[in-house]
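# Observations on the three-dimensional arrangement
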Amino acid sequence: MDTKALRQKILDLAIRGKLVPQDQNDEPASVLLERIREQKKQMVKDGKLKPKDIKKDTVIFKGDDNLHYERFNDGTVKCIEDEIPFELPEGWEWTKLGCITDVIQYGLSNSAESTGDYRLLRITDIQDGCVNWESVPFTNTDAAKKYLLHKNDIVFARTGATVGKSFLITDLPYDSVYASYLIRIRLIKGISANYIYQFFNSYCYWKQVTGKAVGVGQPNCNGTALKELFIPLPSQAEQNRIVSVSNNLLKIADIISFEQEDLSELIQTAKSKILDLAIHGKLVPQDPNDEPASVLLERIRKEKEELIKQGKIKRDKKESVIFKGDDNSYYEKINGEVSCIDDEIPYELPDGWLWMRLENCCVKEIRRGKSPKYTEKSNILVFAQKCNTKHCEINISFAQYLDETTLKRYPSDEYMQDGDVVINSTGTGTLGRVGFYRSSDNNTGLSIVPDSHVTIIRGFNCIQSFYLYTFMKAHQSELEKKGEGSTNQKELKPITLKDMFIAIPPLSEQKRIEEAISIVFNHLSAIEKNIS
C-alpha cells in the first residue's frame, strides 16, 4: 500500500468536504468570514493591526451566473473562475490566507547562541514534523513581543530546499522566537489551526505554493504570495469534525507505514540471511555424488592454460593454491612457498568445498574501468556507479555515451558481459555496493564499458556467475567498510578484492544454490511490491 498516497487522499477528501458529512444546522462559512472581517476592523481600531494589514483583504463569492468572483476593497470585482482549484460543498467558501490571518510575519535575523533569553527556532530544527526543543539554540532580542511564538501559530519555510514546509506550534516548553527563513502565520479566532495545518500538507496547497516559488537556484516563497493562497473553508464546527476524523485516519496511515517499514526491513534481513546460509553451505543439502570443487579447480587450470595459449590472459606469477594438510590445517602455496593460513580462513567449509582467492577465480583482471570521455550520442554506453542502484537493480537508463574516438583505450575484455559482478568502488554511501549485470538489463542493443568508479568481477566459465555474485553480495556490508583514503575520496582498491577468500562449492551445488535463492527472492520481491 502506498501510504503517502493514502495520506494525500485523506487530506484531499478533508479539504473537499467529503471526509465528514455536512450538517445543515452548522453556521455557514460565509457568516464566519463576515465575523472575521469585522474582527479585523476592530483590531485596526484597537491598534493591534494597521490599516494596510487589511487593505488587500478580499471577498470571494459566486455570482448569479454561478461563476466565482473576487471583490476588492476599492469596490472592483474580478472574475476568478479559472483560478478556483475545485468546487466546494454548500456552506463552504473560498477565501485567501491573508484574509483569515492577522499579520504574516517574517522571522528574526539573529544568530544562534549557546545561551540567551529565548529559543531561536530555525528551519533545520523542524525534522519529520517534530521539534526537539532541547536542541534548539538560544538568542537575545529587544523585539520579543513581535517575534514571540504562541501555541497554534504555524511557521512556514520560505526559502531553500524546504520551501513550503510548515510546522504547527502545539507545545512551547520555552519562550521562543523564530529565525528569518521562517514566516509565522497566526490565524484569526474561528479558524482551526489544525485544519489549516492539514491543508498545508495537502496536494492542493503544494500545487499552489510550488507555483508561487520564485528563483531557479534558490526557491523562495514570500509573505505576499502566501496571502494569495486559496483556502477552502468550512464552518467552524465542520473544521473541528474534519480534524478529529482526519487525525484518526492519518494515525492509522502512520501505523501502516511503520509496519511496512518494519516488514521491508525484515525482508532485507531475510535476504541477507539467505545469502549467508548459501555461502556457508547451509541453504541446500550437499549431495555426496556431486563432483567436488577440487575437480573444478583442475578445470579452472585447464581453462586458464587455454586462454594463456590464445594470448587472452597472462600467466599469473603469484598463483595461489589453498589446501588442507594432513594435520587438518589450511595452507597456501604461492611460487612454491607454503605457509599456514589457519588464522586467515573465515570459517570451516562442508565436504567437497574449497577456498580460493578471488583473483584466482577470475578470467579477467580485477580492476576498475577507465575514466571516460563522454559525448552526446554514440554506439557505446558507459556504466556508472548510479547504474548499480541501491535497490539491487541494474538501471542502464543512467548510463551516458562514450566518445568513440577513445575506443583504442578499451581492450575486448573491457566490454561488460552477461553475468559480470559489478562493485561500486569509490565514494561515501555507494562504495562496496554489489550488483549483477545481465544482458537483459541492457535493452539498448549497445555495448557498454565500466567507468573508473566501477570494478568488474568476471569468473571462469566453470564457476557460476550468480554464485560469485551471491558470495560478494553476502559480503557487501564488509566491503562498504574497506574503503581507503580520505573521508570524501575513499576507494575500494583492486588488491583488497583480489585477496578475498571465496568459498567454492561443487558446480552442481552452485546451480542448486542459484535456483533456491531465485525462488525465495522472487517470493520476497512479490511481497515487497505488494506493500509498496
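To keep things clear, this report deals only with the structure shown in the data block. (Residues numbered from 1 in each chain as written. Predicted model: local features only at pLDDT ≥ 70, side-chain atom pairs only at ≥ 80, totals over all residues. Heavy atoms only, no water.)

## Description of the side chain of Arg433
What counts is decided by this rule: Only DSSP runs of H or I with at least four residues qualify as helices, and only runs of E with at least two residues qualify as strands; both kinds are numbered from the N terminus onward. Only protein chains enter the calculation, and the probe is 1.4 Å; a residue is then buried if its accessible area is under 20% of its type maximum, exposed if over 50%, and partly exposed in between. Here the positive residues are Lys and Arg and the negative ones are Asp and Glu; neither His nor the chain ends is included. Just to be clear on terms, a salt bridge is a Lys or Arg side-chain nitrogen sitting within 4 Å of an Asp or Glu carboxyl oxygen. It only takes one pair of heavy atoms within 4.5 Å for two residues to be counted as in contact.
Residue position: Arg433 is located in the loop between β23 (420-424) and β24 (434-437). No salt bridge forms around the buried Arg433; measuring N to O, its nearest opposite-charge neighbour Glu480 is 6.2 Å away. Setting aside residues up to four positions removed in sequence, Arg433 forms contacts with Asn388, Thr389, Lys390, Val422, Ile423, Asn424 and Gln476.

## Let's talk about the nonpolar core
Rules: Here, nonpolar core refers to any group of buried Ala, Val, Leu, Ile, Met, Phe, Trp, Tyr and Cys residues whose side-chain atoms link them within 4.5 Å.
In this structure, Trp355, Leu358, Phe471, Met472, Leu497 and Ile504 are the most contacted members of the largest nonpolar core, which totals 54 residues. If we ignore the near neighbours within four places in the chain, the residues touching Phe471 are Ile279, Tyr347, Trp355, Met500, Phe501, Ile502 and Ala503. Residues Ile60, Leu187, Tyr197 and Leu229 belong to the second largest nonpolar core, which totals 47 residues.

## Description of the layout of surface pockets
Put simply, the rule is: Note on definitions: the grid is 1 Å and covers protein atoms alone; a cavity is a set of points where a 1.4 Å probe fits but cannot get out; a pocket is an open set with protein on both sides within 12 Å along at least five of seven lines; lining residues have an atom within 4 Å of a point. Grid points are joined across faces, edges and corners, and a volume is the space filled by probe spheres set on the points.
The volume enclosed by the largest pocket comes to roughly 1400 Å³. In terms of lining residues, the largest pocket is bounded by 40 residues, among which Arg7, Asp128, Gly129, Asn201 and Asp254 are the most central. Within the residue set of the lining of the largest pocket, elements represented by two or more residues are α1 (3-15), β7 (126-127), β8 (130-131), β11 (166-168), α5 (193-199), α8 (236-279) and α14 (507-531). At 10 residues, the largest contribution of residues to the lining of the largest pocket is made by α8.

## Notes on the side chain of Ser192
Short version of the rule: Two N or O atoms form a polar contact when they lie within 3.5 Å of each other; inside protein one atom must be a possible hydrogen donor and the other a possible acceptor, and for residues adjacent in sequence the pair counts only when both atoms belong to side chains.
For Ser192, the position within the fold is in the loop between β13 (182-185) and α5. Within the local environment of Ser192, its side chain forms a polar contact with the backbone nitrogen of Tyr195, the two atoms lying 3.1 Å apart. Ignoring any residue separated from it by four or fewer positions in sequence, one finds Ser192 in contact with Leu187, Gln239, Asn240 and Val243.

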